[in-house]
Amino acid sequence: HRSTTYELLEPEKVAAYIDARPELADRVDTSSLDVTEVGDGNLNLVFVCQDGGGRGIVLKQALPYVRLVGPSWPFTPERAVAEARAYAVHGRFAAEYLPAFYGFDAERYILAMEDLTDHRVWRGALTDGERHDSAAGDVGRYVARVAFHTSLFGVEAKELKWLTAAAINPDLCEITEDLVLTEPFSGADRNWFQDELADAAASLQTPELKAAAGELKYAFMTRAEALLHGDLHTGSVMVKDGSTRAFDSEFAFYGPIAFDLALPWSNFIVTMARDAVLGREEHGAWAATLFEQLWDAFEAEFRALWPGVVDPRVFNEPFLERWLAQTQRDAAAFAATEAARRIVGLAHVPDLETLDVEPRAVAGRAVIETVKRLLLDRPETAGEVSAIAREE
Ligand code: ADP
Ligand code: MG
Ligand code: MG
Ligand code: MG
């Protein structure tokens, strides 16, 4: 690890910072710069920097601690290295689905990227009952491009081993391993949930569900398939009509492709639960179609790329069918773990937390029932996942 004593950015110092960096200096007029810190996440500082002529850039700086808690919880800023790597690598195959990446300051852990304030975060849009019809398909295509081009299917085998070794991200992976893949099923002091959901939370801690979580945790920690985004929930996607951008890839590492498909799916489950208790039938029915929209786009893109497979000797068509089937099955199960942690784990989501006590409990219980069925019945397809979420 490099130093954890480095200068943190402040709004007043941003113009001078940009002037001192040749790769940024021409992107905005720093003499008329307006700088606002907008970070709403748990970890990092985010500065939107806009000039008087309508041009902008965004700077994101990793703090050496967890923003949510403060300096008493130190946390590696190396996560910014992982995010920079993901933008650089994913940008080679899927640039239209990412913010343009303008550079990385490795001394101060600052990423520079396109200003996307004309978009909105997908989570907020779904929570407000908005429809963005191309977003799910775009995310599916993004995951397919990255999955193909950073895996054994698109990269020569020995080169891939070096890439995999270079992309480790142990501290961020540990968060997922603990918060998503362990603690909802084992219990943990930092878990929290509504009093009304105490029974539902306890019902996740059976030997069968623990074993299911163990199986998924094992897959997450051993199946180094592709350079995942790693944190592709709807809070990591910005939408605008006709444009979808995945950002905040600081959890990027070589892991199971199904995990990147699963995080948006888990949020669709949450969206459907919110819509149901609010009586938003039309939006709920639309949200129920997103599982298949995302999967179908992923599958179509992946099949389109398949003729370019690097080693077609045994990675043939029948193999592809089996691989797609397993990936779809695994996505359903990973989605369950992510949904569980949003109800009973450390980090919840405003989609449900903003509801009143009673509907919030009804929605939370529906999500937990969905989680259990996904982990015990093991549906095979996106359509079955949607049907289970609808029934619950
Ligand atoms: P964290 O890792 O702390 O969650 P994010 O990368 O998710 O940080 O950014 C936090 C918030 O800052 C986002 O939810 C979004 O509102 C805003 N933001 C981040 N990147 C951009 C961008 N390129 N353009 C506009 N707003 C952004
Ligand atoms: Mg974020
Ligand atoms: Mg955020
Ligand atoms: Mg983040």
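Residues numbered from 1 in each chain as written. Chains lettered and ligands numbered in written order. Predicted model: local features only at pLDDT ≥ 70, side-chain atom pairs only at ≥ 80, totals over all residues. Heavy atoms only, no water.

1. Brief notes about the nonpolar core
Put simply, the test is: The term nonpolar core refers to a set of buried residues drawn from Ala, Val, Leu, Ile, Met, Phe, Trp, Tyr and Cys, joined through side-chain atoms within 4.5 Å. Burial classes: relative accessible area under 20% of the type maximum marks a residue as buried, over 50% as exposed, and values in between as partly exposed (1.4 Å probe, protein chains only). Runs of E in the DSSP output that reach at least two residues are strands. Runs of H or I that reach at least four are helices, and both are numbered from the N terminus. Boundaries between domains were set according to an automatic or database domain assignment.
Counting residues in hydrophobic clusters, the biggest one holds 89 residues, and the most contacted among them are Trp122, Trp265, Phe298 and Phe302. Looking at this core, the element that brings in the most residues is helix H14 (residues 317–344), giving 13 residues. Mapping this core onto the domain boundaries places at least three of its residues in each of domain 1 (11–114) and domain 2 (120–391).

2. A few points about the pattern of salt bridges
How we decide: In what follows, salt bridge is the name for a side-chain nitrogen of Lys or Arg lying within 4 Å of a carboxyl oxygen of Asp or Glu.
By the definition in use, this model includes 34 salt bridges. Arginine 303 is the salt-bridge partner of glutamate 299, the closest N and O atoms lying 2.9 Å from each other. Remark: arginine 303 and glutamate 299 occur in helix H13 (residues 290–305); sequence separation between them is 4 residues, near one turn of the helix. Here arginine 303 falls in the partly exposed class, since its relative accessible area comes to 31%. As a salt-bridge pair, glutamate 353 and arginine 360 come within 2.7 Å of each other at their nearest N and O atoms. Owing to a relative accessible area of 27%, glutamate 353 belongs among the partly exposed residues under this scheme. Ionic contacts of the salt-bridge type, sharing partners, join the residues Arg373, Asp377, Glu391 and Glu392 into one network.

3. Quick notes on the domain arrangement of the protein
The test is simple: Any two residues having at least one pair of non-hydrogen atoms within 4.5 Å are treated as being in contact. Simply put, the buried area is the total loss of 1.4 Å probe accessible area from both parts when two parts are fitted together.
Along its sequence, the protein is carved into domain 1 (11–114) and domain 2 (120–391). Taking only C-alpha atoms into account, the centre of domain 1 sits 26 Å from that of domain 2. Contact with domain 1, which involves 22 residues of that partner, is made by 27 residues of domain 2. Buried area between domain 1 and domain 2, both sides added, is near 2,100 Å², and the carbon and sulfur share of it is 60%.

4. Here we look at the site of ligand 1
Basically, it comes down to this: The near set for a molecule or strand comprises every residue that places at least one heavy atom within 4 Å of it. Whenever two N or O atoms come within 3.5 Å, that pair is a polar contact, provided that in protein one can donate a hydrogen and the other can accept it, and provided that, for residues adjacent in sequence, both atoms are side-chain atoms. Surface exposure here means Shrake-Rupley accessible area, sampled with a 1.4 Å probe, where a residue is shielded only by the protein chains that are shown.
The local shell around ligand 1 holds 18 residues, among which Asn44, Lys60, Glu114, Leu116 and Glu250 are the closest. Aspartate 248 places a side-chain nitrogen or oxygen 2.9 Å from an oxygen atom of ligand 1. Isolated, ligand 1 exposes 550 Å² of accessible area, and the fraction of that covered by the protein chains is 91%. Among the elements of the structure, strand E2 (44–50), strand E3 (56–62) and strand E7 (110–114) are those that each provide at least two residues to the shell around ligand 1.

5. Concerning the sheet that holds strand E1 (residues 34–37)
To summarise the sheet geometry, strands pair through backbone hydrogen bonds and adopt either a parallel or an antiparallel arrangement. Using the following cut-off: Any two strands with at least two DSSP-identified bridges between them are counted as paired. An axis is simply a line fitted to the C-alpha atoms; with a helix, the fit covers only the stretch in contact. Between two such axes, the angle follows the N-to-C directions and lies from 0 to 180 degrees.
Across the sheet, which stays open at both edges, the 5 strands sit in the order E1-E2-E3-E7-E6 with antiparallel pairing between neighbours. Two strands lie at the open edges of the sheet, namely E1 and strand E6 (101–105), each paired on one side alone. Shown here is a sheet whose adjacent strand axes are inclined to one another by a mean of 20°, direction ignored.

6. Points about unusual backbone geometry
A positive phi angle, close to 55°, is found at tyrosine 109, a residue other than glycine. Considering the arrangement of structural elements, one finds tyrosine 109 in the loop between E6 and E7. Assessed through its relative accessible area of 1%, tyrosine 109 is described here as buried. You will see that aspartate 248, though not glycine, has its phi angle at about 55°, which is positive.

7. Some thoughts on the side chain of glutamine 61
With respect to the helices, strands and loops of the structure, glutamine 61 is situated in strand E3. Given a relative accessible area of 0%, glutamine 61 falls into the buried group. In terms of polar contacts, glutamine 61 uses its side chain to reach the backbone carbonyl oxygen of glutamate 7, at 3.0 Å. If we ignore the near neighbours within four places in the chain, the residues touching glutamine 61 are Tyr6, Glu7, Leu8, Leu9, Asn44, Leu45, Arg108, Tyr109 and Ile110.

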